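Tertiary structure, described
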Amino acid sequence: MVADAQIVYIRVHPRDNVAIIVDPEGVAAGACLPAGLAARERIPQSHKVALEEIETGRPVVRYGHTIGLARRSIPAGSWVREDLLEMPAAPPLERLELATAVPAPLPPLEGYTFEGFRNADGSVGTRNILGLATTVQCVAPSVDYAVRRIKSELLPRFPNVDDVVSVTHTYGCGVAIEAPGAAIPIRTLRHITRHANLSADPLVVSLGCEKLQPARLLAEEPGASPAQLPILGDESVIRLQDQRGFAEIVAAIMEAAEKRLARLDARRRLPCPASALVVGLQCGGSDAFSGVTCNPAVGYAADLMVRAGATVLFSEVTEVRDAIHLLTPRAATPEVARDLIREMRWYDEYLARGEADRSANTTPGNKRGGLANIVEKALGSVAKAGSSAIAAVASHGQKVTAKGLVFAATPASDFICGTQQLASMNLHVFTTGEGSPYGLSLVPVLKVSSRTALAEKWHDLIDLDAGRIATGRATIQEVGWDLFRLILEVAGGRRTWAEHWGLGNALAPFNPGPVT
Ligand code: CA
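Residues numbered from 1 in each chain as written. Predicted model: local features only at pLDDT ≥ 70, side-chain atom pairs only at ≥ 80, totals over all residues. Heavy atoms only, no water.

Re the overall build of the chain
The condition is simple: Helix numbers and strand numbers start at the N terminus; a helix is a DSSP run of H or I with at least 4 residues, a strand a run of E with at least 2. Only C-alpha atoms enter the radius of gyration; for comparison, a globular chain is expected to reach 2.2 Å times N to the power 0.38, where N is the number of residues. Each residue's exposure class comes from its accessible area (1.4 Å probe, protein chains only) as a fraction of the maximum for that residue type: buried when under 20%, exposed when over 50%, partly exposed otherwise. We call two residues in contact whenever any of their non-hydrogen atoms come within 4.5 Å of each other. To measure how exposed things are, a 1.4 Å probe is used in the Shrake-Rupley method; for residues, cover is taken only from the protein chains shown. The charge count treats Lys and Arg as positive and Asp and Glu as negative. His and the chain ends do not count. Charge coordinates come from a single atom per side chain, which is NZ of Lys, CZ of Arg, CG of Asp or CD of Glu.
Across its full length, the chain carries 13 helices and 20 strands. The C-alpha atoms of the chain give 24 Å as radius of gyration, which agrees with the globular expectation for 516 residues (24 Å, within 12%). Principal-axis analysis of the C-alpha atoms places the extent of the chain at approximately 80 × 45 × 45 Å. Counting only residues that meet the buried cut, the chain has 57% of its 516 residues in that class. Long-range pairs, those at least 24 residues apart, make up 72% of the contacts in the chain between residues at least 6 apart in sequence. Element-wise, carbon and sulfur atoms account for 53% of the exposed surface of the chain, whose accessible area totals about 20,800 Å². In the chain, which carries 52 positive and 55 negative side-chain charges, the distance between the mean positions of the two groups comes to 1 Å.

Remarks on the packing of helix α1 (residues 140-154) against helix α4 (residues 245-265)
So the rule is basically this: Axis lines are fitted to C-alpha atoms, over the contacting stretch for helices. Their N-to-C directions set the angle, which ranges from 0 to 180 degrees. In what follows, roughly perpendicular refers to angles from 65 to 115 degrees, roughly parallel to angles under 35, roughly antiparallel to angles over 145, and oblique to any angle outside these ranges. Note: crossing handedness is left-handed where the near helix turns anticlockwise from the far helix by less than a right angle, and right-handed where it turns clockwise. Any residue that is not Ala, Val, Leu, Ile, Met, Phe, Trp, Tyr, Cys, Pro, Asp, Glu, Lys or Arg is counted as polar, Gly included; the first ten are nonpolar and the last four charged.
The contact between α1 and α4 brings their axes to 10 Å, and the two run at 50 degrees. Taken together, the axes of α1 and α4 are oblique relative to one another. With respect to the hand of their crossing, α1 and α4 are arranged in right-handed fashion. Contacts from S142, Y145, A146, R149, I150, E153 and L154 in α1 reach F246, V250, I253, M254, A257, E258 and L261 in α4. Residue composition of the contact of α1 with α4, by class: 10 nonpolar, one polar and three charged.

Let's talk about the coordination of the calcium ion
Definition in use: In this listing, donors mean N, O and S atoms no farther than 2.8 Å from the metal, or 3.2 Å for Na, K and Ca; water is missing from the atoms, so a site can look incomplete.
Here the calcium ion is held by Q282 (OE1), C283 (O), E316 (OE), A412 (O) and D414 (OD), and the distances to it run 2.3 to 2.5 Å. Taken in sequence order, the residues that donate to the calcium ion follow the motif Q-C-x32-E-x95-A-x1-D. Of this pair, C283 sits in strand β14 (residues 278-283) while D414 sits in helix α10 (residues 414-421), and the two are 131 residues apart along the sequence. What makes C283 buried here is its relative accessible area of 2%. Looking at D414, the relative accessible area reads 18%, which means it is buried.

A look at the pairing of β14
Put simply, the test is: Only when DSSP finds a minimum of two bridges between them are two strands counted as paired.
Counted residue by residue, β14 has six buried out of six residues, so it is predominantly covered. Burial along β14 is two-sided: the residues V278, G280 and Q282 and V279, L281 and C283 are all buried. Bridge analysis of β14 against strand β15 (residues 311-314) gives three bridges, and the strand direction is parallel. Considered in β15, the bridge of G280 is made with L313. Relative to strand β18 (residues 427-432), β14 runs parallel, the two sharing five bridges. Of the residues in β18, the one forming a bridge with Q282 is F430.

Concerning the sheet that holds strand β2 (residues 18-21)
Within the open sheet, the three strands sit side by side as β1-β2-β3. Their pairing is antiparallel. Of all strands in the sheet, those with a lone pairing partner are β1 (9-10) and β3 (48-50), marking the two edges. Both β2 and β3 contribute to a ladder of three bridges, which runs antiparallel. Of the residues in β3, the one forming a bridge with I20 is K48.

Notes on unusual backbone geometry
For S46, which is not a glycine, the phi torsion comes out positive at approximately 70 degrees. You can see S46 is positioned in the loop between β2 and β3. Within the chain, S199 stands out as a residue other than glycine whose phi angle is a positive 60 degrees. Mapped onto the secondary structure, S199 falls in the loop between α2 (183-193) and β11 (203-206).

Some points on the domain arrangement of the chain
Rules: Marked domain ranges trace back to an automatic or database domain assignment.
Partitioning the chain into structural domains gives domain 1 (2-89), domain 2 (117-265) and domain 3 (273-501). A separation of 52 Å is found between the C-alpha centroids of domain 1 and domain 2.

Remarks on helix α7 (residues 334-353)
Let me state the cut-off plainly: By definition here, a helix of n residues has an expected span of 1.5 Å times n minus one.
Between its first and last C-alpha atoms α7 spans 29 Å; for 20 residues at 1.5 Å apiece the expected length is 28 Å, and the two agree. Along α7, the positions that sit buried rather than exposed are V336, A337, D339, L340, I341, E343, M344, Y347 and L351. As for α7, its buried residues are in contact with α6 (324-327), β16 (390-394) and β17 (404-408). Positive phi shows up at E355, right after α7, with a value of about 55 degrees.

As for the pattern of salt bridges
Threshold: Here, a salt bridge means any Lys or Arg side-chain nitrogen found within 4 Å of an Asp or Glu carboxyl oxygen.
Applying the stated criterion to the full structure yields 26 salt bridges. Here K48 ties to E376 by a salt bridge, and the two come within 2.8 Å at their closest N and O atoms. With a gap of 328 residues between them, K48 in strand β3 and E376 in helix α9 (residues 374-381) connect regions that are remote in the sequence. An identical accessibility class is assigned to K48 and E376; each is buried. Taken together, the shared-partner salt bridges in this structure form one network comprising E41, R81 and D83.

Overview of α1
Just so we agree on the cut-off: Throughout, the arc means that of the directions going from the helix axis to the C-beta atoms.
Compared with an ideal rise of 1.5 Å per residue, which puts 15 residues at 21 Å, α1 spans 20 Å between its outermost C-alpha atoms and is within 8% of the ideal. Buried within α1 we find A140, S142, V143, A146, V147, I150 and L154. The buried residues of α1 occupy one face: seen down the axis, they fall within an arc of 150 degrees. In α1, those exposed residues whose orientation departs by more than 90 degrees from the buried face are P141, R148 and S152.

Examining the nonpolar core
Using the following cut-off: Take the buried Ala, Val, Leu, Ile, Met, Phe, Trp, Tyr and Cys residues and link them wherever side-chain atoms come within 4.5 Å; each set so joined is a nonpolar core.
Formed by 84 residues in total, the largest nonpolar core has its most connected members in L277, F407, V429, L483 and I487. Broken down by element, this core gets its largest block of residues, eight residues, from helix α12 (residues 476-491). Setting aside residues no more than four positions away along its own chain, V429 makes contact with V279, G280, L281, Q282, V298, L446, V448, L483 and I487. Counting 33 residues, the second-largest nonpolar core is a separate cluster that includes L212, A394, Y438 and L440.

Some points on the sheet that holds β11
In sheet architecture, strand pairing relies on hydrogen bonds along the backbone and comes in two forms, parallel and antiparallel. The four strands are arranged β10-β9-β11-β12 in an open sheet whose pairing can be described as parallel. Edge positions in the open sheet fall to β10 (163-167) and β12 (237-239), since each of these has one partner strand only. Geometrically, the sheet is characterised by an average inter-axis angle of 20 degrees between neighbouring strands, direction not taken into account. Two strands pair when backbone bridges link them, and strand β9 (residues 129-134) and β10 are joined in this way by five bridges, in the parallel orientation. Paired with A133 across the strands is V167, a residue of β10. Across the face of the sheet, α4 comes into contact with β9, β10, β11 and β12 while running at roughly 145 degrees to β9.

Have a look at this one:
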């Protein structure tokens, strides 16, 4: 570890002709930079300085890749702002290399375990939660009401149950439920209803007349005929339209909840191999440090998780699209590479229907944080995926069963990505530069900051500071190991800051289908 090294800027790759300013105060005009360079103007923290003159039309290079072409000549020492860059086209999907550089497996990591809850279906929970799943938004406030009463009147008698959660959402009716796009929200909700942290044993609250009937929500096979749908007992489903008055509705929910709570309370944490973890990765509120601190550290931890036999999900199609040429060679087989391309193409077409493209991804906060465009953001974002072979690809909302590094297609939107990853994950790692207090009610969300300043400002929201990497106080490997150990501790019951404060963002299933 280097103590208090005076790092002025970070250049990631020897080919880079820009670097990121490290000092929280930025640098002043005329400030002396390494190698005899002088700042030509004030440059804020996390923004880019030109390390050499970049002539008009020449590539601006970061991470060893072109993030844009210079719109005019950029003298050395200039602030390379967003408006100086012409964004390159996304890599064409027709000429990508398929599984041509598959990384060799790293040595397995043996003996890493966590204390988890084993479920009858073979899945493992990181939490022991009573979930009241719902088929439709119409019932959500009634279920919320019942959950408030369950938490105050029943839960104190069941100390081994971590929480009671109403699994509510905006889907279920008023939608074209036979349209092709409907399969995505339905399967997402199906897998969430059977979530490992809800003991994979759903208690479902239904209205009665909704399009998403309980049997359809829980059908094993999408598109199953009515005869193939599961027969659900009264113990599993409560239909509000079968009850007389609100008091009876609440009593029915509470009676069913009490039976479940007794069952859940009898469960105990048992040692489980790290391979039982399904860790979802995502970033939100990224800045230019994300790609050099938190995301590479998460990538290192992702490699450790893969070596320990776990499943690691990376997602966010619009933040992968501009780096797809770096990922298809890493696919374990040509088939996996073709699956990656299929997901990119599907999303290109989805965006095109809305007269948008992947450049619609970046936010004002990303740009304030020094990210010029989606190309720069994507190159930093995919660092979360580490260096392992990509073992499998899952479409939107599909449940991931493969081990190793898996691309699980989702939009990049934090709350939609998190909702879709919940179809599979039992723990979530979220990196942030600008800061987000994001959390989920069903899984622990472990937040990693890109900058120490954010970790200090939000000392009671950020779980791990990766900004130490930028100032030379820790290496990517050290923070990666810290995160790996923290993942196992949190999986075993240590609470994250989001859990401490009870922060659970609303579920937001991705519905690309029409609303009626
Ligand atoms: Ca995101």
